[in-house]
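Listed below, chain by chain, are the residues.
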Amino acid sequence: MNGKIALEEHFNPPELAKEMPPYYSPETMKDIVRRLLDVGDERLADMDATGIDFSLLSLNAPGIQADTDPVGAVTRAKRVNDFLAELVAANPTRYGGFATLPMQDPVAAAAELERCVTQLGFDGTMLNGYTNLGDADTGLYYDDERFAPVWEVAIAHNVPIYLHPRDPLPHNQGIYEGHPELLNSIWAFTVETSTHALRLMTSGLFDRYPTLTFILGHLGETLPFNIVRTDHRLSFMGDLRKYQKPLTHYFANNFYFTTSGIFDSQALRATMARVGVDRVLYSTDYPWESMRDASDWFDNADISDGDRLRIGSTNARTLFPRIPEKIGKNL
């Protein structure tokens, strides 16, 4: 399928390249770091070869979310966003941007989101999991009421928040002791991010902000398969419940889901069955995954051609109305 729009496509500016956690072997990490830095000929050639017309670029995790100093986070976020704006300006029909926000300072983060959307032309923000504050073992999750200014800007400009994974806080990693192979994208990312999404829903966030929109990658971090049981068991919790509607309502109305990193037709069909095809979007998770692997699977996935078109392009054009104007004739 040509004309695909990909939404979880990562980059790094040179100043952050040396801060990459050593997720894999040195040889593998060297190649990933190189690809994160490349937003030129090689990446564009891969996009051309796999039918991707447009990519929304986002800072690689954990990025600014790992900064422990609020003042430094504000400064670095602005530098990253200005750097990304230059990349987008150099290839405006191929790239868009997700803002990087210094959530350590919610008021500054709201102002930066406003700047990124109204002045830099970005299409939303990607938050790389919880945000550190003060030290590496203290994290702020986004059900915290202090983040209200950020949500208000997102709603005012009708832009979504992509909630990307990161590893649990160090003091929450006990279950992985002796099994480092289960950290990061192997398994810990999924548990951390699905739990974070449940915190958002059960906190009543979407009762306070019913039009607030989040995106989850990796076909919903297993939640499409577990949300009904979670909803059912919470029905017995009485006064501990802080939300007004079934979790399945928030799940289907306040979230979108991308195919990033899960190239499996059964999982895709199950997600479509839970939330509807119009809530599913195409992504590759480049460079952690191969554009070719993602495309070969998606272009031949066991779904109808109409659903393939919606997931590959139409849904993204609806969620991000400025993208068609940027792409122009490419669509």
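Residues numbered from 1 in each chain as written. Predicted model: local features only at pLDDT ≥ 70, side-chain atom pairs only at ≥ 80, totals over all residues. Heavy atoms only, no water.

Draft legend 1. View of the overall build of the chain. In terms of helices and strands, the chain carries 14 helices and 10 strands. Its C-alpha atoms give the chain principal-axis dimensions of about 55 × 45 × 45 Å. Here the chain holds 331 residues, and the buried ones make up 55% of them. For the chain, the share of sequence-separated contacts (at least 6 apart) that also reach a separation of at least 24 residues comes to 77%. Counting every atom, the chain has about 13,900 Å² of accessible surface; 52% of that belongs to carbon and sulfur. (Helix = DSSP H or I, 4+ residues; strand = E, 2+ residues; numbered from the N terminus. Buried < 20%, exposed > 50% of the residue type's maximum accessible area, 1.4 Å probe, protein only. Contact = heavy atoms within 4.5 Å. Areas by Shrake-Rupley, 256 points an atom, 1.4 Å probe, with all protein chains shown as cover.)

Draft legend 2. Region of interest: the pairing of strand β4 (residues 125–128). Side chains Thr125 and Leu127 of β4 all project onto a buried face; the interleaved residues Met126 and Asn128 project onto the opposite face, where all are buried too. In terms of strand pairing, β4 meets strand β7 (residues 161–164) through four bridges, oriented parallel. Considered in β7, the bridge of Met126 is made with Tyr162. (Pairing = 2+ DSSP bridges.)

Draft legend 3. Expanded view of the pairing of strand β6 (residues 135–140). Sheet topology note: the strand β5 (residues 131–133)/β6 ladder contains three bridges and is antiparallel. Each residue of the ladder has a partner; that of Asn132, found in β6, is Gly139. Connecting β5 to the antiparallel partner β6 that follows it, the hairpin turn spans one residue, and Gly134 within it adopts a positive phi of roughly 90 degrees.

Draft legend 4. Here's a closer look at the environment of Pro149. Mapped onto the elements, Pro149 comes out in helix α5 (residues 148–156). On the accessibility criterion, Pro149 (27% relative accessible area) is partly exposed. Filtering out sequence-adjacent residues up to four positions away, Pro149 remains in contact with Pro106 and Ala110.

Draft legend 5. Representation of the packing of aromatic side chains. Per the counting criterion, the structure on display carries 23 aromatic pairs. When the ring of Phe206 is compared with that of Phe214, the centres are 6.0 Å apart and the planes differ by 85 degrees; the resulting orientation is edge-to-face. We classify Phe206 as buried; its relative accessible area is 3%. Ring centres of Phe206 and Tyr250 lie 6.1 Å apart, and the angle between their planes is 35 degrees; this geometry places the pair in the tilted category. Separated by 44 residues along the polypeptide, Phe206 in helix α7 (residues 205–208) and Tyr250 in helix α10 (residues 247–253) bring together distant segments of the chain. (Phe/Tyr/Trp six-rings, centres within 6.5 Å; stacked < 30°, edge-to-face > 60°.)

Draft legend 6. Quick peek at the nonpolar core. Membership of the largest hydrophobic core comes to 73 residues, with the highest contact counts inside it found for Trp151, Met201 and Phe214. Sorting elements by how many residues they give to this core places helix α3 (residues 70–90) first, with seven residues. Setting aside chain neighbours within four positions, we find Phe214 in contact with Trp151, Ile161, Leu163, Leu200, Leu205, Phe206, Asn254, Phe255 and Tyr256. With 15 residues, the next largest nonpolar core counts Leu7, Leu319, Phe320 and Ile323 among its residues. (Core = buried A, V, L, I, M, F, W, Y, C linked by side-chain atoms within 4.5 Å.)

Draft legend 7. The arrangement of helix α2 (residues 41–49) in detail. For α2, every residue scored as buried is listed here: Arg43, Leu44 and Met47. Along the long axis of α2, the arc covered by the buried residues comes to 95 degrees, so they all point the same way. Away from the buried face of α2 by more than 90 degrees, exposed residues Asp41 and Asp48 are located. At the C-terminal side of α2, Gly51 shows a positive phi close to 75 degrees. (Arc of directions from axis to C-beta.)

Draft legend 8. Representation of the packing of helix α6 (residues 188–202) against helix α9 (residues 223–234). Relative orientation of the contacting elements α6 and α9 amounts to 45 degrees, with a least axis distance of 12 Å. Put simply, α6 runs oblique to α9. Here α6 and α9 pass one another in a crossing that is right-handed. Contact residues: Ser194, Ala197, Leu198, Met201 and Thr202 in α6; Leu223, Ile227, Thr230 and Leu234 in α9. (Axes fitted to C-alpha atoms, helices over the stretch in contact; angles between N-to-C directions. Parallel < 35°, antiparallel > 145°, perpendicular 65-115°, else oblique. Left-handed = near helix turned anticlockwise from the far one by under 90°.)

Draft legend 9. View of the packing of helix α4 (residues 106–118) against α5. Here α4 crosses α5 at 15 degrees, and the two axes come no closer than 7 Å. For the element pair α4 / α5, the angle class is roughly parallel. Crossing geometry of α4 relative to α5 is assigned as right-handed. Residues Pro106, Ala109, Ala110, Leu113 and Glu114 of α4 form the contact with α5, whose own contacting residues are Pro149, Val150, Val153 and Ala154. Of the residues in the contact of α4 with α5, the class split is eight nonpolar, no polar and one charged. (Nonpolar A, V, L, I, M, F, W, Y, C, P; charged D, E, K, R; others polar.)

Draft legend 10. Spotlight on the sheet that holds strand β3 (residues 95–97). The three strands are arranged β1-β2-β3 in an open sheet whose pairing can be described as parallel. Across the chains shown, the open sheet's two edge strands, defined by having one partner strand only, are β1 (4–11) and β3. Strand-to-strand twist across the sheet, computed as the mean angle between neighbouring axes with direction ignored, equals 30 degrees.

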